[in-house]
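The primary structure of each chain is shown beneath.
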Amino acid sequence: VEIEGNPKLFTACSTPVAEGNVIHTKSEKVIAARRSVLDLMLSTHRADCFSCAKNGECQLQNLCYEYGVEQTSFEGVRNDYPIDDSNEFFTYNPQQCILCQRCVNVCQKLHGEAAIGITGRGFKAKISTPFDQLIRSTNCVSCGNCVSVCPVGALLPKSKVRYRAFETKKVPTTCTYCGVGCQLELQVKDNTVVGAQPLYGEANKGLLCVKGKFGYNFINHKDRLTKPLIRKDGVLVESTWEEAIGYVAYLAPKPCWAIMNLYMEPLPPGSGVQFESRVSPRDIALRYQHQVENALPLALKQGMRGFQVTDIRITLVGGNHHEVHTHPLDFVVATPMAVMDGLRRGGTRLMEPILLACIQVPEGVGGKVMSDVNKMRGEVLSSQLMGETLRIEALIPAVNALPYGDTLLQMTGGRGGMTTRVHSWQYAPPDVDDTLPRHGVNPLDTAKYILAARSALEGDIFDR
């Protein structure tokens, strides 16, 4: 591209945009340079387009057509390298390669295999494997991402059906092999899937594995089920989609059909968590009551940086379940929410641990550290200079103190550090007197504060 005020051209893919830039992408100077690059590419490229399987979707062909480059003005060296068809899923023809390095970049930087790279110099340069081995002899995992990004016919999938791009219809879909949800585009000719290309999705970021890229032949298999089956009287029989979907919708477990009423009371230190049920099996089946008991440890955990609610008795005093839809998993889902509701109804407040932090940093950053302590709702207790090192003792809420260690290391270039221990507890300020947003089924899993019943606090259970 051309940037006004600069005598030379810049590569658009590697030049950062700066404020005030005026950029021309179709100026005469730019077009002339692009034609020259295409002319040089053709000088070493075997332009047998009619027999090339990439004909019609070759980016080199399309660009030469766009810029009017019909033949090369130069006579380059055209090496007679052998075709490597050792891989089960694709072939590599070095004669068609234009050394764009897209395949190298996706293999090394995105997939992390580094099975291929550039060897040689000048006209002898080529995409190759370590020690020029066959591709099947390398650590290639046959993901086919190199084939997907190749703009020409150098890397091509081995297909049972001959086809041209204009003969196919492209159908976006989701890969069915596993639960990741990779997005891809199926190429369909005469109602038969003949190829697959990755699409950019949140799950796969434009990449596929070997199954998603090449494992589509089962779609066309004669034994593939094309109608849903429903088991009736112990036998699988064909059904309509409407009947099958209605059948699944009726029998599939529904989340949170369980209803529970819990009574909670604090216990002396060291008592742990106790559970008992006063509910009749007619109201909640015993297996569901056991699921409540098993789910309590999960419900009372507070995540990596938090603590655990303990020294408490939890009694199941009421509730019911739906006769058809309830599944034991529903109680695993519902227990954390019932615990949270019970703690809140029982006068629970969120408390945060206060840590005594001993910080050692170079003298020059001491002022910045003490300012940070104040911003973290902390209090500096003392500071003492020992040689060139400043030792600071401060009380800091754990939610702020725990991540500050990494900040110190970066601030001091690894010369500063911090040790902490629990000093005391205090009620969390009103703006954080709640759990963080929920993730998954456990509303406590990302909480950074400890939950404690108010009566337990008044009984000094949490004094340290």
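These numbers come from a predicted model, not from an experiment. (Residues numbered from 1 in each chain as written. Predicted model: local features only at pLDDT ≥ 70, side-chain atom pairs only at ≥ 80, totals over all residues. Heavy atoms only, no water.)

A. Layout of the state of the cysteines. Counting across every chain of the model gives zero disulfides. The cysteine Cys107 is free of any disulfide, with Cys143 supplying the nearest cysteine sulfur at 6.7 Å. On the basis of relative accessible area, Cys107 is assigned to the buried category, the value being 12%. Left without a disulfide partner, Cys143 is nearest to the cysteine sulfur of Cys146, which lies 6.1 Å away. (Disulfide = S-S within 2.5 Å. Buried < 20%, exposed > 50% of the residue type's maximum accessible area, 1.4 Å probe, protein only.)

B. Region of interest: the sheet that holds strand β9 (residues 192-198). Reading across the sheet, the three strands line up as β7-β8-β9 and stay open at both edges, with antiparallel pairing between neighbours. Each end of this open sheet is capped by a strand with a single partner; those strands are β7 (169-174) and β9. For this sheet, the mean angle separating the axes of adjacent strands, direction not counted, is 30°. Across six bridges, strand β8 (residues 183-189) lies against β9 in antiparallel orientation. Following the sheet pairing, Leu184 is matched in β9 by Pro198. (Pairing = 2+ DSSP bridges. Helix = DSSP H or I, 4+ residues; strand = E, 2+ residues; numbered from the N terminus. Axes fitted to C-alpha atoms, helices over the stretch in contact; angles between N-to-C directions.)

C. View of the nonpolar core. Leu60 and Leu155 are the most contacted members of the largest nonpolar core, which has 27 residues in total. When residues of this core are traced back to their parent elements, those giving at least two are α1 (28-42), α2 (59-67), β3 (90-92), α3 (102-110) and α4 (145-149). Examining the composition of this core, we find that four residues originate from one element, α3, more than from any other. One finds Ala285, Tyr288, Ala299 and Leu316 within the second-largest nonpolar core, a separate group that totals 18 residues. (Core = buried A, V, L, I, M, F, W, Y, C linked by side-chain atoms within 4.5 Å.)

D. Looking closely at the packing of aromatic side chains. Enumeration according to the criterion identifies three aromatic pairs in this entry. Both rings, one in Phe89 and one in Phe214, keep their centres 5.2 Å apart while their planes meet at 20°; by these two values the pair is stacked. Separated by 125 residues along the polypeptide, Phe89 in the loop between α2 and β3 and Phe214 in helix α5 (residues 210-214) bring together distant segments of the chain. With relative accessibility at 24%, the residue Phe89 sits in the partly exposed group. Accessibility expressed as a relative area gives 10% for Phe214, which makes it buried. Aromatic pair Tyr177 and Phe218: ring centres 5.6 Å apart, planes at 75°, arrangement edge-to-face. Linking Tyr177 in the loop between β7 and β8 with Phe218 in the loop between α5 and β10 (229-232), this pair joins segments that are 41 residues apart in sequence. You can call Phe218 partly exposed: its relative accessible area is 35%. An aromatic cluster is built from Phe89, Phe90 and Phe214, whose rings are joined through pairwise contacts. (Phe/Tyr/Trp six-rings, centres within 6.5 Å; stacked < 30°, edge-to-face > 60°.)

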